Protein chains: 2
Amino acid sequence: MRHTISVLVENKFGVLARIAGLFSARGYNIASLAVSETQDPTISCMTIVVEAEDEKILEQIKKQLNKLIDVIRIIDFTKKEHAERELILVKVKCSGKDKANLESLLKKYVAKVIQHKEGICIIEAVDRQEQIRQLLEALSQFGIEELIRTGKIAMA
Amino acid sequence: MRHTISVLVENKFGVLARIAGLFSARGYNIASLAVSETQDPTISCMTIVVEAEDEKILEQIKKQLNKLIDVIRIIDFTKKEHAERELILVKVKCSGKDKANLESLLKKYVAKVIQHKEGICIIEAVDRQEQIRQLLEALSQFGIEELIRTGKIAMA
């Protein structure tokens, strides 16, 4: 099962490497990770989506993270009400005659074409992960050439 | 100066830690990082925004990355035409009477309120980093309570 954890850390040199090392040393599998500054530039937020089969492993992860000196706060969104979003950029094949089809498909999602050149469209989409999964499934009929995702971010 | 690099890597255990370690060992400062699967689940894409004062340092970074066995391809967007986007979630104070003000401000951006409860709004915004910077500046009058960013993603 996938769990989402937010980790507020000091925005210091080497903290990312330390946390990534902690995960890899213990064999925890990171599905996605988004790291950036918060409103306070001395503090960064890491949103980590991690595969953990049971609660015990998740508790271990949180305990290990809490031991790190640069970790300020951990929020586990597993049982917490929260807003979640992910951003993706997708490149799909799209000839002139497919364009109308594509646009009517995108209307069902929070998605739009941001570039269309020589039979290739770049689409931007923002939604919850379940909706993103459905959109990608629907887009596969066009042929997905490239997909870049930010990974999930969440807010309590 | 900030540079954006995309690194396609094998979606294997420990790769993230290795790359983060490479950056920290050499004192390169990561401003933001977004890592997630691509359309091929065996391959992940890392979008790294890095501070590098001169071209020489950037070249060093790319050379070091290329030496890693799990690195498939590196794209440096510095001089390349590309689409870029970042997603943010922002929590701001917003009383009933401020709501109209806030909504008219958001109209100038690709941004919207996704939750409003007890005088607190959660806003979702997607744009290029320069627009996001302007939006955050404009939102500061409301009082930013919390800010989570995905970091930039880019597509050639």
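Cut-offs applied
- Counting from 1, residues in each chain are numbered in the order their sequence is written.
- Here the convention is simple: chains get letters from A, ligands get numbers from 1, in the order in which they are written.
- Totals for whole chains, interfaces and linings use every residue, but because this is a predicted model, local features are given only for residues with pLDDT of at least 70 and side-chain atom pairs only at 80 or more, for both listing and counting.
- Side-chain measures here rest on the full set of heavy atoms in the structure, leaving out hydrogens and waters.
- Helix and strand assignments follow DSSP, with helices taken as H or I runs no shorter than four residues and strands as E runs no shorter than two, numbered in order from the N terminus.
- Exposure is judged per residue with a 1.4 Å probe applied to protein chains only, and the accessible area is read against the type maximum: over 50% gives exposed, under 20% gives buried, and values in between give partly exposed.
- Axes here mean lines fitted to C-alpha atoms, for a helix over just the part in contact, with angles spanning 0 to 180 degrees between N-to-C directions.
- Orientation labels follow simple angle bins: below 35 degrees gives roughly parallel, above 145 gives roughly antiparallel, 65 to 115 gives roughly perpendicular, and whatever is left gives oblique.
- Should the near helix be turned counterclockwise from the far one by less than a right angle, the crossing is left-handed, whereas a clockwise turn marks it as right-handed.
- By definition, residues are in contact when any of their heavy atoms lie within 4.5 Å.
- Here the nonpolar group is Ala, Val, Leu, Ile, Met, Phe, Trp, Tyr, Cys and Pro; Asp, Glu, Lys and Arg are the charged ones; every other residue, Gly included, is treated as polar.
- Note: two strands are recorded as paired if DSSP finds a minimum of 2 bridges between them.
- In this document the domain limits rely on a domain assignment from an automatic tool or a database.
- Two parts placed together each lose some accessible area under a 1.4 Å probe, and the buried area is that loss summed for both.
- Any carboxyl oxygen of Asp or Glu within 4 Å of a side-chain nitrogen of Lys or Arg constitutes a salt bridge here.
- In the analysis that follows, any N or O atom pair within 3.5 Å is treated as a polar contact, provided that within protein one partner can donate a hydrogen and the other can accept it, and provided that, for residues neighboring in sequence, both atoms belong to side chains.
- A helix is expected to span 1.5 Å for every residue after the first.
- Think of the arc as the fan of directions from the helix axis to the C-beta atoms.
- In this comparison the copies share one frame, found by least squares on the C-alpha atoms of residues holding pLDDT of at least 70 in both.

Glancing now at the overall build of chain A. Within chain A one finds four helices and nine strands. Starting at the N terminus and ending at the C terminus, chain A contains elements arranged as β-α-β-β-α-β-β-α-β-β-α-β-β. With respect to the three principal axes, the spread of C-alpha positions in chain A is 55 × 35 × 30 Å. For chain A, with 156 residues in total, the buried portion stands at 54%.

Right, let's talk about the packing of helix H3 (residues 99–106) of chain A against helix H4 (residues 129–139) of chain A for a bit. Residues and elements named next belong to chain A. In the contact formed by H3 and H4, the axes pass within 11 Å of each other and the chain directions differ by 165°. It follows that H3 is roughly antiparallel to H4 by the angle criterion. The two elements H3 and H4 cross, and the hand of that crossing is right-handed. Together, Leu 102, Leu 105 and Leu 106 of H3 and Leu 135, Ala 138 and Leu 139 of H4 make up the contact between the two elements. Tallied by class, the residues present in the contact of H3 with H4 amount to six nonpolar, no polar and no charged.

It is worth spelling out the pairing of strand E6 (residues 111–117) of chain B at this point. All names here are of chain B. In this structure, E6 lies alongside strand E7 (residues 120–127), joined through six bridges in antiparallel fashion. Note that in E7 the partner of Gln 115 across the bridge is Ile 122. What sits between E6 and E7 in their antiparallel hairpin is a turn of two residues, with Glu 118 showing a positive phi close to 45°.

All names here are of chain A. By domain assignment, chain A separates into domain 1 (2–76) and domain 2 (83–155). Between domain 1 and domain 2, the contact holds seven residues from the first and five residues from the second. Surface buried jointly by domain 1 and domain 2 totals about 430 Å² across both partners, of which 53% is contributed by carbon and sulfur atoms. Where domain 1 touches domain 2, the interface holds zero salt bridges. The interface formed by domain 1 and domain 2 contains one residue pair in polar contact (both at pLDDT 80 or more). Among the secondary structure elements, those contributing two or more residues to the side of domain 1 that touches domain 2 are strand E1 (2–10), strand E2 (29–37) and strand E3 (43–51).

When the parts come together, some accessible area is lost, and that loss is often what is quoted as the size of the interface. Each partner contributes residues to the interface: chain A has 51 residues there, and chain B has 51 residues. Between chain A and chain B, the buried area comes to about 4,300 Å², and carbon and sulfur atoms account for 65% of it. Its largest share of buried area at the contact with chain B, chain A owes to Gln39(A), Ile153(A) and Met155(A), together 15% of the area lost on that side. Viewed at the interface, chain B and chain A are joined by six salt bridges. In this structure, Glu37(A) and Arg2(B) form a salt bridge, with 3.7 Å as the shortest nitrogen-oxygen distance. In this assembly, chain A and chain B are joined by twelve residue pairs in polar contact (both at pLDDT 80 or more). Only helix H1 (15–25), E2, E3, strand E5 (83–93), strand E6 (111–117), strand E7 (120–127), strand E8 (144–149) and strand E9 (153–155) of chain A provide two or more residues apiece to the side of chain A that touches chain B.

Attention now goes to helix H2 (residues 55–67) of chain B. Look at H2(B): 19 Å from first C-alpha to last across 13 residues, which is about the 18 Å you get at 1.5 Å a residue. The inward-facing, buried residues of H2(B) abut strand E1 (2–10), helix H1 (15–25), strand E3 (43–51) and strand E4 (71–76) of chain B.

Moving on, we get to helix H2 (residues 55–67) of chain A. Each α-helix winds once per 3.6 residues, and so residues spaced three or four apart point in a common direction. Residues and elements named next belong to chain A. Residues of H2 that are buried: Leu 58, Ile 61, Lys 62, Gln 64 and Leu 65. Looking straight down H2, one finds that the buried residues subtend no more than 160° of arc, so they occupy a single side. Facing away from the buried side of H2 by over 90 degrees, the exposed positions are Lys 56, Lys 63 and Lys 67. Looking at the buried residues of H2, the elements they touch are E1, H1, E3 and strand E4 (71–76).

Right, let's talk about the relation of the copies chain A and chain B for a bit. Once chain A is rotated about the relating axis by 180° and shifted along it by 0.0 Å, it coincides with chain B to within an RMSD of 0.0 Å. A rotation of that kind, with that shift, is consistent with a two-fold axis. No C-alpha of chain A approaches the rotation axis more nearly than that of Ala34(A), which lies at 2.2 Å. Here 100% of the contact residues of chain A are again contact residues in chain B; the copies associate through an equivalent surface.

Right, let's talk about the side chain of Lys91(A) for a bit. Tracing the backbone through its elements, the reader meets Lys91(A) in strand E5. Lys91(A) sits in the buried class, given a relative accessible area of 14%. Of the polar contacts made by the side chain of Lys91(A), one reaches the backbone oxygen of Ala156(B); its length is 3.0 Å. Not counting residues up to four positions away in its chain, the partners in contact with Lys91(A) are Ile120(A), Cys121(A), Ile122(A), Gly143(A), Ile144(A), Glu145(A), Glu146(A), Met155(B) and Ala156(B).

Let us now look at the pattern of salt bridges. One pass over the structure, following the stated rule, counts 32 salt bridges over all chains. Linking Arg18(B) and Asp70(B) is a salt bridge whose minimum nitrogen-to-oxygen distance equals 2.6 Å. In this pair, Arg18(B) sits in helix H1 while Asp70(B) sits in the loop between H2 and E4, placing the two residues 52 residues apart along the sequence. For Lys99(B), the salt bridge goes to Glu103(B), with nearest N and O atoms at 3.9 Å. Of this pair, Lys99(B) and Glu103(B) are both found in helix H3 (residues 99–106), four residues apart, which corresponds to roughly one turn of the helix. A residue is classified by how much of its surface remains accessible, and Lys99(B), at 22% relative accessible area, is partly exposed. Taking relative accessible area as the criterion, Glu103(B) reaches 37% and is therefore assigned partly exposed. Through salt bridges with shared partners, a single ionic network connects Arg2(A), Glu51(A) and Glu37(B).

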